[in-house]
There are 2 protein chains.
Amino acid sequence: MTTSAPRSTRQRAAIKAALDAAEGFKSAQDIHADLRSTGGSVGLTTVYRALQSLADSGEIDALRKDDGETVYRQCSTPVHHHHLVCRVCGRSVEVEGPEVERWADEVARQHGFTSISHQVEVFGTCPLHAAEQVPDEGTARGD
Amino acid sequence: MTTSAPRSTRQRAAIKAALDAAEGFKSAQDIHADLRSTGGSVGLTTVYRALQSLADSGEIDALRKDDGETVYRQCSTPVHHHHLVCRVCGRSVEVEGPEVERWADEVARQHGFTSISHQVEVFGTCPLHAAEQVPDEGTARGD
DNA sequence: ATGGGTGCAAATAATTTGCAGGTAA
DNA sequence: TTACCTGCAAATTATTTGCACCCAT
């Protein structure tokens, strides 16, 4: 097993391209719909599998939204960072948080925990959508 | 609407009790199974609804695991805090992180985001299970 | 040629919802 | 009594898997 790299196929390329063109985070379902509308047809299953493998190899970043959907994004920085995501448009900003990393490490160590990992996401409404807040559920249906 | 409080029923009490007795986080399914084994029978639907309303009113804390399951826990502190969760036994420790709150607020403000909220969880292996690490998926099946 | 990649359909799984009947207030 | 609560079953939704077929290597 010499770190076998996945075969390069039309689908895989299309998926990476779609993710690349995306402004913010996209779910597998989003990518799939995106691809269909663009003409190229890729199976949902394939999208899930490709996204998964890309996330595994670290090429893209995955995060689970509050509602349970897993979204992916092509990150510009390969270094560890977190995201500031707009609840309305989904657009995201990559942010660093050295103090957060330090804090997580600290509290974990304090309690004797090892193999630490953390999950940090900040959600909010970006300046472009300050007006159309997200009441709760249902109002934000702009497709 | 005078902040109508939910009616106190046998089921609701049982659910709160089960959650209270729990060491770490429990999913709706867990609570349901727990209740069934204890004799008291409560419908799965009811468990979901009760847990949801309890979380809404802030009486319990909810968090979504990496695998997508939502777990709940009776928190000892009503103030905002985060959790340090053991990947092996699920036991959790409540931790505070003023610097994290500050950081989240800061980066959000810097980018003009409003209505900020954040999701911060730290995972690791507690000292009692440092040996039985979680390889990846499947080894931890201690019921 | 061959084995990994693909995709359809069916299988899972967690959670939600419709609706009839029970019960706390 | 009455509105809210309960719970069963069916519906949803996101994601996974079986399996036959196709293509990059």
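Coordinates for the structure precede this section.
Parameters at a glance
- Residues numbered from 1 in each chain as written.
- Chains lettered and ligands numbered in written order.
- Predicted model: local features only at pLDDT ≥ 70, side-chain atom pairs only at ≥ 80, totals over all residues.
- Heavy atoms only, no water.
- Salt bridge = Lys/Arg side-chain N within 4 Å of Asp/Glu carboxyl O.
- Buried < 20%, exposed > 50% of the residue type's maximum accessible area, 1.4 Å probe, protein only.
- Pairing = 2+ DSSP bridges.
- Helix = DSSP H or I, 4+ residues; strand = E, 2+ residues; numbered from the N terminus.
- Axes fitted to C-alpha atoms, helices over the stretch in contact; angles between N-to-C directions.
- Contact = heavy atoms within 4.5 Å.

> How should I be thinking about the pattern of salt bridges in this particular structure?
Should their charged atoms come close, side chains of opposite charge can pair. All names here are of chain B. Applying the stated criterion to the full structure yields 12 salt bridges over all chains. The closest approach of N and O atoms between aspartate 67 and lysine 65, which form a salt bridge, is 3.9 Å. Of the charged contacts, one joins lysine 65 and glutamate 69 as a salt bridge, the two residues approaching to 3.2 Å between their closest N and O atoms. Relative accessible area serves as the criterion here: at 30%, lysine 65 is assigned to the partly exposed category.

> Honestly, the pairing of strand E6 (residues 114-125) of chain A in this entry has me stumped. Any pointers?
Here is the key point about a regular strand: its side chains alternate between the two faces of the sheet. Across 4 bridges, strand E4 (residues 82-86) of chain A lies against E6(A) in parallel orientation. The residue of E6(A) that forms the bridge with A:Leu84 is A:Val122. Examined bridge by bridge, E6(A) and strand E6 (residues 114-125) of chain B share 9 bridges and lie antiparallel to one another. Its bridge partner lying in E6(B), A:Gln119 is registered against B:Glu121.

> In this structure, what is going on with the sheet that holds strand E5 (residues 92-95) of chain B? I would like to understand it.
Strand pairs in the sheet, formed through backbone hydrogen bonds, run parallel or antiparallel to each other. Pairing within the open sheet is mixed, and its 6 strands lie in the order E5(A)-E4(A)-E6(A)-E6(B)-E4(B)-E5(B). Strand pairing shows two members of the sheet lacking a second neighbour, strand E5 (92-95) of chain A together with E5 of chain B, which therefore form its edges. Along the sheet, successive strands turn relative to each other by an average axial angle of 20°, direction set aside. Contacts from helix H4 (residues 98-110) of chain A reach E4 and E6 of chain A together with strand E4 (82-86), E5 and E6 of chain B within the one sheet, and its direction differs from that of E6(A) by about 135°. Helix H4 (residues 98-110) of chain B contacts E4, E5 and E6 of chain A together with E4 and E6 of chain B of the sheet and is inclined by roughly 135° relative to E6(B).

> Would you explain the side chain of B:His83 in this entry?
Residues and elements named next belong to chain B. Mapped onto the fold, histidine 83 is located in strand E4. Note on histidine 83: relative accessible area 0%, which makes it buried. Setting aside its immediate chain neighbours within four residues, histidine 83 contacts Phe25, Asp61, Leu63, Arg73, Cys75, Ser92, Val93, Glu94, Val95, Val120, Glu121 and Val122.

Coordinates in, geometry out; function isn't part of it.
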